[in-house]
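These are the residues of each chain, in order.
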Amino acid sequence: MAKKRNLLKEKEIMDEDVVIKSPLQQAMIRFRKNKLAILGGTLLLMLILFVCFGPIFSKFDPDDIDLFNILAKPSMAEILGTDELGRDIFTRLMFGGRVSLAIGVSSALFAISLGTLIGAIAGYYGGIIDTALMRFTDLVLTIPSLPLLMILGGIFKPSPALLVFMISILNWMATARLVRSKFLTLRTLDYVKAARAIGCKNGRIIFSHLLPNSLGPIIVTATLTVGRAIISESTLSFLGVGINPPTASWGNMLQSAQSNMTTAPWMAIAPGLMILITVLAINFLGDGLNDAFDPKRNE
Amino acid sequence: MLIGVSIIIYALVQAMPGEPFDMYLENPNISFEEVQKIKAHYGLDQPVYIQYLNWAKNMAKGDWGISYNTRRPVLELLAEKVRPTIELTLTAFIISIIIAIPLGVMGAIKKNSLFDYTTTTLTFLGISMPVFWFGLMLQLLFSVKLGWLPSAGRTSFGVSGSETIDLIKHLIMPAFVLSLIYIAGWSRYSRNNFLEVMNQDYIRTARAKGLKETTVLGGHALRNSMISLVTIITLDIPVLFSGAVVTETVFAWPGMGRFFMDSLNKMDYPVLMGILMINALLVIMSNLLADLLYAWLDPRVKY
């Protein structure tokens, strides 16, 4: 009996020691140990489910104006009350969340792709191309982004797609720098030299050798960029130069909240709380991913 | 650098639909020719690149143009608005430094303690907070519910008592709102940075020499961790300045940020250009300052 238990123990030890895990698997294990990151991920998943499927169960239309029932207090029928046009805030919260999350995620994707492309080209080719691209990056970094976004918003009265473009065009620089420095170190490594020696084309070296090896930091920045993009969108919409009413977004739901603050404080609380929770969840997740991919950072 | 930025900004501002002075066309007593004449007076009938060259030439000479709305020189208008903005940003800057650095350093010294966990979580909250909403919530709590602080503006009419106290009462909320994100960011940075420094060999040497722990921490570790922190803080100055746009709008603070918002609604190009250029100038200057400070604080860096 005792012998059998010992054998079992040995087997377990063997399993842990002998099976060599890939860097990605190791990262997954580290990630799962991080409670805050798991919390962030779960929260985010719940939020996504809430904005995607919540509206199915709602009996209100987000743009349904009810002038006989404006600024109503939260009640059983309207859980979070109504706004200055009698629209149900809870329903608008879900539809606004769709807009805010979609804009956050797509701006981040676009910004990261652009940044990765520029960083990859600069880091891989080096020389004049590198200098020119990095000068350009510095130039864009010098432009004060919030005032500029406000001006652009004032000019174009942007549609959601345009807003995504605007936000991402001012958010790619950090990624470009990151990818460039990663590429600069990676391209001197032996396996890249080997790939070149067997005649791989530049495109193939970039996409199948360098890029997969820089994926960790890229994913981390991507996550954090989603949070920043959501804040940008809501700030612009709050100031009246982002998503235009009647389309709801978490930012523009707060636009009229300030003038109604004394009579209807509930209008101001819920949308902002949603933004805070979402961005917080994203940042927890991003931080967890960062620790998972870069274990040396916090030791 | 500045020229490149100015070209990009100028092109974008020019791309705005609707031209200044078109509002006069709505008045039946003003003829179309009259409006064309005033546009010609301000050089708006010329091609964009000529307009840009004129503007850039005047800008270099210190003439930033005339505001279309008030017909007063932009520089003079901005000079009026700059004081409230500096009051606000400087207060926020000082609050941030006073709170952020001790928080970060304490967190690093007592790593993994309850204090450390609390501040780390709080900094996450600060980084994730939408600034304008934080402002709204403070207004709701301290002005609407408790009535302790005025919700907006810089001064109130007919104050009883000292004017300075009135100003400070108005300043507390916007300054704290503006500083929140920097308190969070800088304390996080100084914590991680301090931890990094603590792992260095010279800290071990100092301890091995038998120096008191306070000397090691306060003297060796703190001074070394300040080097890169100072750089980060300097680089954040222009961001602080442009972040004031939102805070000033929420709290109706009569500074440059709110003026920017007003001018945007009225399409006052010269004013918008002026404010953007000040911002870009600040970015470049703080970059330079950060480099210089870094070289001065860290003797290893040579240029």
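Computed from a prediction, not measured in an experiment: that's the story for all the values here.

## Some remarks on the overall build of chain B
From N to C terminus, chain B includes 11 helices and 0 strands. In chain B, the proportion of contacts linking residues at least 24 apart, taken out of those at least 6 apart, comes to 70%.

## Here's the deal with the overall build of chain A
Secondary structure assignment for chain A yields 12 helices and 0 strands. Going from N to C terminus, chain A has its helices and strands arranged as α-α-α-α-α-α-α-α-α-α-α-α.

## A word on the packing of helix 4 (residues 89-125) of chain A against helix 12 (residues 266-293) of chain A
Residues and elements named next belong to chain A. It is the contact of helix 4 with helix 12, at a shortest axis distance of 11 Å, that shows an interaxial angle of 30°. By the angle between their directions, the pair helix 4 and helix 12 is classed as roughly parallel. For the pair helix 4 and helix 12, the crossing hand works out as right-handed. Between helix 4 and helix 12, the contacting residues are I89, L93, G96 and G97 on the first element and M267, A270, P271 and M274 on the second. Here the contact of helix 4 with helix 12 is composed, by residue class, of 6 nonpolar, 2 polar and no charged.

## Here we look at unusual backbone geometry
Residue and element names in this part refer to chain B. Even without glycine at this site, N112 takes up a positive phi of about 65°. What makes N112 exposed here is the crowd of 9 C-beta atoms within 10 Å. Even without being glycine, A252 reaches a positive phi, approximately 50°. In this fold, A252 is placed in the loop between helix 9 (213-250) and helix 10 (256-266).

## Comments concerning the interface of chain A and chain B
In this complex, chain A contributes 31 residues to the contact, which on the side of chain B involves 39 residues. Sort the elements by how many residues they give to the side of chain A that touches chain B and helix 12 of chain A lands first, with 8 residues. Classifying every residue of the side of chain A that touches chain B gives 22 nonpolar, 9 polar and no charged.

Basis of the calculations
Residues numbered from 1 in each chain as written. Chains lettered and ligands numbered in written order. Predicted model: local features only at pLDDT ≥ 70, side-chain atom pairs only at ≥ 80, totals over all residues. Helix = DSSP H or I, 4+ residues; strand = E, 2+ residues; numbered from the N terminus. Contact = placed C-beta atoms within 7 Å. Axes fitted to C-alpha atoms, helices over the stretch in contact; angles between N-to-C directions. Parallel < 35°, antiparallel > 145°, perpendicular 65-115°, else oblique. Left-handed = near helix turned anticlockwise from the far one by under 90°. Nonpolar A, V, L, I, M, F, W, Y, C, P; charged D, E, K, R; others polar. Buried ≥ 20, exposed ≤ 12 C-beta atoms within 10 Å, placed from the backbone.

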